[in-house]
Amino acid sequence: LEFANNRAKAASDSMPACLGGGIGSPSPVWMRDYSQPADGVPKNPKAQMMIDAALAALGDDVQRMVMGHTPQRHINAVLKGKAWRVDVG
C-alpha cells in the first residue's frame, strides 16, 4: 500500500501546473463539483453555471460531458442531463 501511495504522489507531483496540485485540488483532473454526492444532485450551488459555461466554451455542438473518477451506484445524469456520471466502481 505504501508503494502505491508513493507512486500516486510521485505521479501527482509531476503533473503540469495547469492540471492542478494533486488529489483533492480543484483542477480538471481532480475536481468533483459535478459528481458529489454520488447518485444525487451536486452539492456545489454553482455546478449548473459551471457546466453550462464549460460546454459553451467548447462549442455549439457540445451538449454533454461524460465523467468518471467518483463512483456512483448507477450510471446517471444530473445538471439538466449535461453531466453524465459513469464510474460505477
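Since this is a predicted model, take the numbers as computed values, not measurements.

Points about the pattern of salt bridges
1) Next: Scanning all chains against the criterion turns up 2 salt bridges.
2) Next: In this structure, the salt-bridge partner of D39 is R73, at a minimum N-O distance of 3.6 Å. Of the two residues, D39 is situated in the loop between α1 (2–13) and α2 (47–58) and R73 in the loop between β1 (65–67) and β2 (76–78); the sequence distance between them amounts to 34 residues.
3) Next: According to the relative accessible area criterion, R73 is exposed, its value standing at 64%.
4) Next: Two residues, D52 and K82, come together in a salt bridge whose shortest N-O distance is 2.7 Å. Of the two residues, D52 sits in helix α2 while K82 sits in the loop between β2 and β3 (83–85), which places them 30 residues apart along the sequence.

So, how was this worked out
- Residues numbered from 1 in each chain as written.
- Predicted model: local features only at pLDDT ≥ 70, side-chain atom pairs only at ≥ 80, totals over all residues.
- Heavy atoms only, no water.
- Salt bridge = Lys/Arg side-chain N within 4 Å of Asp/Glu carboxyl O.
- Helix = DSSP H or I, 4+ residues; strand = E, 2+ residues; numbered from the N terminus.
- Buried < 20%, exposed > 50% of the residue type's maximum accessible area, 1.4 Å probe, protein only.

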